[in-house]
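# Close look at the chain arrangement
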Amino acid sequence: MRKSLRAAAIAASCAIAGAALYGAGAATAGQSTANSTHEPYNIGLLVKDIDTYYGTAADSNGVYQASPDSPYAQDLAHIDADARSYIDKAARKAHHRGEKPAVVFDIDDTLLLSLDYEKRYNYTYNPTTWADYVNRADRPAVFGSPELVQYAEKKGVEVFYNSGLSEAQRSAAVENLKKIGADVNLDADHMFLKDKANPPAYLSGCATPGTWTCTTVQYKSGTRKHIEDLGYEIVANFGDQYSDLDGGYADRTYKLPNPTYFVS
């Protein structure tokens, strides 16, 4: 379930502080709840903090962009440097053992930045406006992510995508990823999207044709298990939500910063 900024103000501020490697056992502890006796963080101040974090500014076309000099970009650069070093070592080790190393990437706000949508719709989610936005296929890249995709491929690591986008949005996702330079393994065997009408057999525990009860963690971890069942060793899993990462089936997980929404 995707929650708006108003429903998860403190979760968003935690996401800013948590823009680092998400290790084993990490969780969303410390978030305020409805039972808190303290006044929540002021929503207007939180928006200002988020704008400062991204260095948000509208370009000549009125599209909100993040600044390459922002704290957000700096956090991503640190994650990227760690990930490159790790992928290089993990790939060499896996190949030496005769294994097939793989990496898994979420798409929304892991590869494609949705800041303009969040700003334009005041950090609220609507399935119709979101679908229209995705289908435009013109989102900018999350800083460094397309290059990381290319780097993994060059190191002989198989690239997979594990996204909450729907099967109906596949063509738009492929087009957009090509535009930003993440043009690696964009076929149906490597890009896993939600198909609620005809879910795959490996999700049969929570999804049957026409009936989908999978949580995000069940869907994403089940998909990673399927990838490993195909004979791959997932050395790294990248996502902007903890629900992208929980559930196992990855040697290491990387949490990218996203203070604009929370997916449980």
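In case you missed it, the structure is sitting above this.
Numbering of residues starts from 1 in each chain and follows the order in which that chain's sequence is written. The predicted origin of the model limits local features to residues at a pLDDT of at least 70 and limits the giving and counting of side-chain atom pairs to 80 or more, whereas totals for whole chains, interfaces and linings rest on all residues. The side-chain numbers reported here are obtained from all heavy atoms of the structure, hydrogens and water having been left aside.

### Observations concerning the overall build of the protein chain
Looking only at helices and strands, the protein chain has 9 helices and 12 strands in total. Burial classes follow relative accessibility: with a 1.4 Å probe on protein chains only, a residue under 20% of its type's maximum area counts as buried, one over 50% as exposed, and anything between as partly exposed. Within the span of the protein chain, comprising 264 residues, buried residues form 48% of the whole. In what follows, a contact means two residues having at least one pair of non-hydrogen atoms within 4.5 Å. Of the contacts formed within the protein chain by residues at least 6 apart in sequence, a portion of 68% connects residues at least 24 apart. Secondary structure elements follow DSSP: runs of H or I of four or more residues count as helices, runs of E of two or more count as strands, with numbering from the N terminus.

### Comments concerning the packing of aromatic side chains
Here a pair means two rings of Phe, Tyr or Trp (six-membered ring of Trp) with centres within 6.5 Å. Their orientation is stacked below 30 degrees between planes, edge-to-face above 60, and tilted elsewhere. Summed over all chains, the structure comprises 14 aromatic pairs. Only lysine NZ and arginine CZ atoms are considered, and such an atom sits over a ring when it is within 6 Å of the ring centre and within 35 degrees of the ring normal. Against the face of Tyr 64 rests Lys 119, its NZ or CZ located 5.4 Å from the ring centre. Taking NZ or CZ as reference, Arg 252 lies 4.1 Å from the ring centre of Tyr 86, over its face.

### Considerations on helix 2 (residues 43–54)
To estimate the expected span of a helix, subtract one from its residue number and multiply by 1.5 Å. Here helix 2 is 12 residues long and its end C-alpha atoms lie 17 Å apart, about the 16 Å a rise of 1.5 Å per residue gives. Turning to helix 2, its buried residues are Leu 46, Val 47, Ile 50, Tyr 53 and Tyr 54. Seen end-on, helix 2 carries its buried residues on one side only, within an arc spanning 125°. Along helix 2, exposed side chains directed more than 90 degrees from the buried face belong to Lys 48 and Thr 52. In the analysis that follows, any N or O atom pair within 3.5 Å is treated as a polar contact, provided that within protein one partner can donate a hydrogen and the other can accept it, and provided that, for residues neighboring in sequence, both atoms belong to side chains. Among the residues of helix 2, the N-terminal cap falls to Asn 42, whose side-chain oxygen and the backbone nitrogen of Gly 44 are separated by 2.9 Å. Count one or two residues on from helix 2 and you reach Gly 55, which has phi positive near 65°. Throughout, the arc means that of the directions going from the helix axis to the C-beta atoms.

### Considering the environment of Ala 250
Mapped onto the elements, Ala 250 comes out in the loop between helix 9 (242–245) and strand 11 (253–255). Exposure remark for Ala 250: the relative accessible area of 23% places this residue in the partly exposed category. Through-space distance from the C-alpha of Ala 250 to that of Phe 238 is 9.8 Å; in sequence the pair is 12 residues apart. Other than its neighbours up to four places away in sequence, Ala 250 contacts Glu 228, Ile 234 and Asn 237.

### Considering the nonpolar core
Membership of the largest hydrophobic core comes to 51 residues, with the highest contact counts inside it found for Val 103, Phe 105, Ile 107, Tyr 161, Leu 177, Met 191 and Phe 238. Element by element, the count of residues in this core is highest for helix 3 (residues 71–96), at 8 residues. Apart from the residues within four sequence positions on either side, Phe 105 is in contact with Thr 110, Leu 111, Leu 148, Val 149, Val 159, Phe 160, Tyr 161, Asn 162 and Phe 238. Here, nonpolar core means buried Ala, Val, Leu, Ile, Met, Phe, Trp, Tyr and Cys residues that are tied together by side-chain atoms lying within 4.5 Å of each other.

### Structural notes on helix 6 (residues 145–154)
What helix 6 keeps buried is the set Ser 145, Pro 146, Leu 148, Val 149, Tyr 151 and Ala 152. Residues of helix 6 that are buried in the fold lie against helix 3, strand 5 (100–105), strand 6 (158–166), helix 7 (170–180) and strand 10 (232–239). After helix 6 finishes, the residue Gly 156 shows a positive phi value of roughly 80°.

### Details of unusual backbone geometry
With a phi angle near 65°, Asp 109 is a residue other than glycine that sits in the positive phi range. The phi dihedral of Asn 185 falls on the positive side, at around 50°, and the residue is not glycine. Relative to the helices and strands, Asn 185 resides in the loop between helix 7 and strand 7 (191–194).

### Some points on the pattern of salt bridges
When a carboxyl oxygen of Asp or Glu is within 4 Å of a side-chain nitrogen of Lys or Arg, the pair counts as a salt bridge. Per the counting criterion, the structure on display carries 13 salt bridges. Between Asp 244 and Lys 220 there is a salt bridge whose closest N-O contact spans 2.8 Å. Taken together, the residues Asp 244 in helix 9 and Lys 220 in helix 8 (residues 216–229) connect sequence positions 24 residues apart. Using a relative accessible area of 3% as the deciding quantity, one classes Lys 220 as buried. A salt bridge links Lys 225 to Asp 229; the shortest N-O distance between them is 3.0 Å. Of this pair, Lys 225 and Asp 229 both sit in helix 8, 4 residues apart, which is roughly one turn of that helix. Overall, the relative accessible area of 56% leaves Asp 229 in the exposed class.

### Details of the packing of helix 2 against helix 3
One can describe the packing of helix 2 onto helix 3 by two numbers: an axis separation of 5 Å at closest approach and a directional angle of 55°. The orientation of helix 2 with respect to helix 3, classified from their angle, is oblique. Taken together, the residues of helix 3 that come into contact with helix 2 (itself represented by Thr 52, Tyr 53 and Tyr 54) are Pro 71, Tyr 72 and Asp 75. Residue polarity follows a fixed list, in which Ala, Val, Leu, Ile, Met, Phe, Trp, Tyr, Cys and Pro are nonpolar, Asp, Glu, Lys and Arg are charged, and the others, Gly among them, are polar. The residue inventory of the contact of helix 2 with helix 3, partitioned by class, reads 4 nonpolar, 1 polar and 1 charged. Only C-alpha atoms enter the line fits that serve as axes; for helices the fit covers just the stretch in contact. Angles between N-to-C directions range over 0 to 180 degrees. Roughly parallel here means an angle under 35 degrees, roughly antiparallel means over 145, roughly perpendicular means 65 to 115, and every remaining angle is called oblique.

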